[in-house]
Amino acid sequence: MRDLIARLGATPNLIVYERAASWELHLSKTEHLTIVVTIPHDTLEWFAIARASGREVWTDWADYYATNGETTESLRAYMASDIEHFVHTLSRSEVRVTALSKPRKHKYLVEWKQHDAWRLICMSPA
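Residues numbered from 1 in each chain as written. Predicted model: local features only at pLDDT ≥ 70, side-chain atom pairs only at ≥ 80, totals over all residues. Heavy atoms only, no water.

**Some details on the nonpolar core**
One finds Ile-39, Trp-46 and Phe-86 to be the most contacted residues of the largest nonpolar core, which totals 32 residues. At the level of secondary structure, the elements contributing two or more residues to this core comprise α1 (2-8), β2 (22-28), β3 (33-40), β4 (45-52), β5 (55-63), α2 (72-92) and β7 (108-114). Top contributing element to this core by residue count: α2, with seven residues. (Core = buried A, V, L, I, M, F, W, Y, C linked by side-chain atoms within 4.5 Å. Buried < 20%, exposed > 50% of the residue type's maximum accessible area, 1.4 Å probe, protein only. Helix = DSSP H or I, 4+ residues; strand = E, 2+ residues; numbered from the N terminus.)

Put into structure tokens, the structure is as follows:
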């Protein structure tokens, strides 16, 4: 995972913080929009939070566990690939936050622009 963190450290507008139990990647999209990715050192999971003007507008997480006999190493590789895809896609994409007029589960819609189309922001490349 340290190799991944080192590679991602070269991403424009991204600051990497190493904490006692995790890494935090802070990616500034605009003056008022930042996405924070938290990657625990010893757990096969990661979290992402989007904050607009200090308010949390989106959050998600992913965890990795064996379902068909995968090894810890292969799960770690899947996780690293997903994180790298998410950060690179996010760094290259325009992102918008829209307040929903009739919120149900969420108050905000957070989307990124990919191939000239707006899509919901997603941690999984699939």
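Back to the write-up after that little detour.
**Describing the packing of aromatic side chains**
Summed over the entire model, instances satisfying the criterion amount to three aromatic pairs. Seen in terms of ring centroids, Trp-58 and Phe-86 are 6.2 Å apart; in terms of plane orientation they differ by 20 degrees. Their pairing is stacked. Linking Trp-58 in strand β5 with Phe-86 in helix α2, this pair joins segments that are 28 residues apart in sequence. We classify Trp-58 as buried; its relative accessible area is 14%. With a centroid separation of 5.6 Å and 45 degrees between ring planes, the pair formed by Phe-86 and Trp-112 is classed as tilted. You can see Phe-86 sitting in helix α2 and its partner Trp-112 sitting in strand β7, a full 26 residues away along the chain. Here Phe-86 falls in the buried class, since its relative accessible area comes to 0%. Judged by its relative accessible area of 3%, Trp-112 falls in the buried class. In this structure an aromatic cluster arises from ring pairing among Trp-46, Trp-58, Phe-86 and Trp-112. (Phe/Tyr/Trp six-rings, centres within 6.5 Å; stacked < 30°, edge-to-face > 60°.)

**Looking at the sheet that holds β5**
Within the open sheet, the five strands sit side by side as β1-β2-β3-β4-β5. Their pairing is antiparallel. The open sheet has two edge strands, β1 (14-18) and β5, and neither has a second partner. Adjacent strand axes in the sheet meet at a mean angle of 15 degrees, parallel and antiparallel pairs treated alike. The pairing of β3 with β4 spans six bridges and is classified as antiparallel. The partner of Val-36 across the bridge, within β4, is Ile-49. (Pairing = 2+ DSSP bridges. Axes fitted to C-alpha atoms, helices over the stretch in contact; angles between N-to-C directions.)

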